[in-house]
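Below, each chain spelled out in residue letters.
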Amino acid sequence: MGFKCGLVGLPNVGKSTLFTALSRMPVERAIFPFSTVEPNMGTVPVKDERLLKVADLAGSEKITPATLTVVDIAGLIKGASRGEGLGNRFLAHIREMDLLLHVVRGFQSADVPHLPGDPDPFRDIETVDLELILADLATLEKRREKLEHGIKSRSKEALYEGGLLDKLFSHLDAGKPARTLPATAEEKAVIDSWQLLSSKQVIYVINVGESEIMSGESAAEQAVQELAAKRGEPVISICASLEAELSDMEEEESRFFLDEYGLQDTGLHRLIRLGYDYLGLVTFFTIKGIEARAWPVKRGTSARQGAGKVHSDMERGFIAAEVIDWEELLKYGSLSAAKEKGALRLEGKEYIIADGDVILFRFKV
Ligand SMILES: Nc1nc2c(ncn2[C@@H]2O[C@H](COP(=O)(O)OP(=O)(O)O)[C@@H](O)[C@H]2O)c(=O)[nH]1
Ligand SMILES: [Mg+2]
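Quantities reported herein were computed from a predicted structural model and do not represent experimental measurements. (Residues numbered from 1 in each chain as written. Chains lettered and ligands numbered in written order. Predicted model: local features only at pLDDT ≥ 70, side-chain atom pairs only at ≥ 80, totals over all residues. Heavy atoms only, no water.)

A.B. asks: So what exactly am I meant to see when it comes to the pattern of salt bridges here?
C.D. replies: It is possible for side chains of opposite charge to pair when their charged atoms get near one another. Under the defined criterion, the tally for this structure stands at 17 salt bridges. Residues Arg50 and Asp355 are paired through a salt bridge, measuring 3.1 Å at the closest nitrogen-oxygen approach. In this pair, Arg50 is assigned in helix α2 (residues 49-58) and Asp355 in the loop between β12 (345-347) and β13 (357-363), connecting sequence segments 305 residues apart. Classification of Arg50 by relative accessible area gives buried; the value is 17%. Notably, a salt bridge pairs Arg273 with Asp265, separated by 3.3 Å at the nearest N-O pair. Exposure remark for Arg273: the relative accessible area of 44% places this residue in the partly exposed category. (Salt bridge = Lys/Arg side-chain N within 4 Å of Asp/Glu carboxyl O. Helix = DSSP H or I, 4+ residues; strand = E, 2+ residues; numbered from the N terminus. Buried < 20%, exposed > 50% of the residue type's maximum accessible area, 1.4 Å probe, protein only.)

A.B. asks: Can you walk me through the environment of Arg89 in this structure?
C.D. replies: Relative to the elements of secondary structure, Arg89 occurs in helix α3 (residues 87-95). In sequence terms Arg89 and Ile73 are 16 residues apart; their C-alpha atoms lie 9.0 Å from each other.

A.B. asks: Looking at this model, I keep getting lost on the packing of aromatic side chains. Mind explaining?
C.D. replies: We describe a pair of aromatic rings using the distance from one ring centre to the other and the angle between the two ring planes. Applying the stated criterion to the full structure yields five aromatic pairs. Ring centres 6.0 Å apart and planes at 85 degrees place the aromatic pair Phe284 and Phe361 in the edge-to-face group. Taken together, the residues span a long stretch of sequence, with Phe284 in strand β9 (residues 281-288) and Phe361 in strand β13 at a distance of 77 residues. Ring centres of Phe318 and Phe361 lie 6.3 Å apart, and the angle between their planes is 65 degrees; on these two criteria the pair is classed as edge-to-face. With Phe318 in strand β11 (residues 318-325) and Phe361 in strand β13, this residue pair connects regions lying 43 residues apart in the sequence. Accessibility assignment for this pair places Phe318 and Phe361 in one class, buried. Directly above the ring of Phe169 sits Arg144, whose terminal nitrogen or CZ lies 4.9 Å from the centroid. Against the face of Trp295 rests Arg293, its NZ or CZ located 4.0 Å from the ring centre. (Phe/Tyr/Trp six-rings, centres within 6.5 Å; stacked < 30°, edge-to-face > 60°. Lys NZ or Arg CZ within 6 Å of the ring centre and 35° of its normal.)

A.B. asks: Would you mind showing me how to read helix α1 (residues 15-23) here?
C.D. replies: Side chains of residues three or four places apart in an α-helix project in the same direction, reflecting 3.6 residues per turn. Among all positions of α1, only Lys15, Leu18, Phe19, Ala21 and Leu22 are buried. Considered in projection along α1, the buried side chains sweep an arc of 160 degrees and stay on one side of the axis. (Arc of directions from axis to C-beta.)

A.B. asks: What is the right way to read the pairing of β11 from this model?
C.D. replies: Successive side chains on a regular strand alternate, one facing one side of the sheet and the next facing the other. With respect to burial, β11 is a largely interior element, six of its eight residues being buried. Relative to β13, β11 runs antiparallel, the two being bridged by seven bridges. Its bridge partner being in β13, Ala321 is matched across the sheet by Phe361. Bridge count for β11 against β12 is three bridges, and the pairing is antiparallel. Each bridged residue has a counterpart across the sheet, and for Glu322 the counterpart in β12 is Leu346. (Pairing = 2+ DSSP bridges.)

A.B. asks: Which parts of the structure should I look at to understand the packing of helix α4 (residues 121-152) against helix α5 (residues 156-173)?
C.D. replies: Helix-helix packing: each pair is described by the crossing angle between the helix axes and the interaxial distance. It is the contact of α4 with α5, at a shortest axis distance of 10 Å, that shows an interaxial angle of 155 degrees. Taken together, α4 and α5 sit at an angle that is classed as roughly antiparallel. By crossing handedness, the relation of α4 to α5 is classed as left-handed. Residues Ile133, Asp136, Leu137, Leu140, Glu141, Arg143, Arg144, Leu147, Gly150 and Ile151 of α4 pack against Ala158, Leu159, Glu161, Gly162, Leu165, Asp166, Leu168, Phe169, Leu172 and Asp173 of α5. A breakdown of the residues in the contact of α4 with α5 according to their chemical character gives 11 nonpolar, two polar and seven charged. (Axes fitted to C-alpha atoms, helices over the stretch in contact; angles between N-to-C directions. Parallel < 35°, antiparallel > 145°, perpendicular 65-115°, else oblique. Left-handed = near helix turned anticlockwise from the far one by under 90°. Contact = heavy atoms within 4.5 Å. Nonpolar A, V, L, I, M, F, W, Y, C, P; charged D, E, K, R; others polar.)

A.B. asks: Just to check I follow, could you spell out the packing of α4 against helix α8 (residues 219-231) for this structure?
C.D. replies: Viewed as axis vectors pointing N to C, α4 and α8 meet at an angle of 50 degrees, and their least axial separation amounts to 8 Å. Regarding the angle of α4 to α8, the classification is oblique. Residues Pro121, Phe122, Ile125 and Asp129 of α4 form the contact with α8, whose own contacting residues are Ala220, Ala223, Val224, Leu227 and Arg231.

A.B. asks: It is not clear to me how unusual backbone geometry should be interpreted in this structure. Could you clarify?
C.D. replies: Outside of glycine, negative phi angles account for most residues, and trans bonds account for most peptide bonds. Its identity is not glycine, yet Arg154 carries a phi of approximately 55 degrees, on the positive side. Its location among the elements puts Arg154 in the loop between α4 and α5. With relative accessibility at 60%, the residue Arg154 sits in the exposed group. Although it is not a glycine, Gln195 sits at a positive phi angle of roughly 50 degrees. In this fold, Gln195 is placed in the loop between α6 (185-193) and β7 (201-208).

A.B. asks: Teacher, can you tell me more about the side chain of Ser254 here?
C.D. replies: By the element assignment, Ser254 lies in helix α10 (residues 251-260). Ser254 sits in the buried class, given a relative accessible area of 7%. A distance of 3.1 Å separates the side chain of Ser254 from the backbone oxygen of Glu251, its partner in a polar contact. (Polar contact = N/O pair within 3.5 Å; in protein donor to acceptor, adjacent residues only side chain to side chain.)

A.B. asks: How should I be thinking about the site of ligand 1 in this particular structure?
C.D. replies: Inspection of the region around ligand 1 gives 15 residues, with Asn12, Lys15, Ser16, Thr17 and Asn207 positioned closest. Here an oxygen atom of ligand 1 and a backbone polar atom of Gly14 are 3.0 Å apart. Here an oxygen atom of ligand 1 sits 3.0 Å away from a polar atom, N or O, in the side chain of Asn207. Contact with the protein chains hides 69% of the accessible area of ligand 1, taken as 570 Å² for the molecule alone. With three residues, α1 is the largest single contributor of residues to the shell around ligand 1. Residues belonging to the shell around ligand 1 are distributed by class as follows: eight nonpolar, six polar and one charged. (Near = heavy atom within 4 Å. Areas by Shrake-Rupley, 256 points an atom, 1.4 Å probe, with all protein chains shown as cover.)

Printed below as a string of structure tokens:
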């Protein structure tokens, strides 16, 4: 499975509309369709031209794209952290996510109520952040109780963790999410172990109206850009209702509409790519038997770890990786031609996988 991202935000901002749009995304050729695991959870195939070209070259009958799992996390209201409404389930869901898509309302509609009061992107983001922060403060309180004994007996580890905990506690107490605390790699590892909600990576998704998508100007987006820039976090504007309509169309028809709106690509594809980039994922490809497949891995993954993604036996029995960039491979016309010309590099287990690598793993079982 790829990575898991959760749609969060206030009620009536367009989370479910976006989820529906994702679930109906047109699917190319042999690529498998969206599959709904639960009513609010589904797997989206990631469109990747490179995979299609590699599959064509190899004559693969089966094409397996990278996927991402999307969860429509309903139920954030003020007081969620105290278990009001669907609060607790909401928070438990968030804990499992790799990435949060924080949907912010940027469209105007008298028909769709917005609570509390008129949409105000800044305050709306703060409201959601605050619930996560409050839940984290409660988590830290519990952690501190557990550390008390160690601190009393002057354990070095407990003192270190306790010091960091106090620092983060003040940070959260000032209304700032855990992910914005400057921390060393060592501190980050400890903070990660606390599994906080406000430390999850976030992309702000502004759900703007159709006129704002056309003009490219949205007041909501500007307001969020300001906040996000301070935090070094990405913002993307999409129009959920338009995306839902596009998702229902054939490729050609949706191309026509995109042109009308002066858009290069659907918001959904832009969103998925942004998610991949922001999480620091790169994709390698394998060709085996009748299947061409894309594998997303964290940037910095070694050839041996990559082999482990494919099969644990391949990691254990790893011998070497034969590697060629996908575009380079296309120039040779076929894998066997590339092999004959000696174009495949032989790489060892420490080789760091590059985006677009086509890899043949050599291993013994
Ligand atoms: N005008 C307009 N309405 C939208 C848009 N996105 C969602 N809505 C409407 O807003 C209401 C709430 O949307 P929904 O996706 O259920 O929001 P959720 O509560 O965040 O899941 C629905 O009536 C949608 O049709 C949009 O981009 N433009
Ligand atoms: Mg909803």
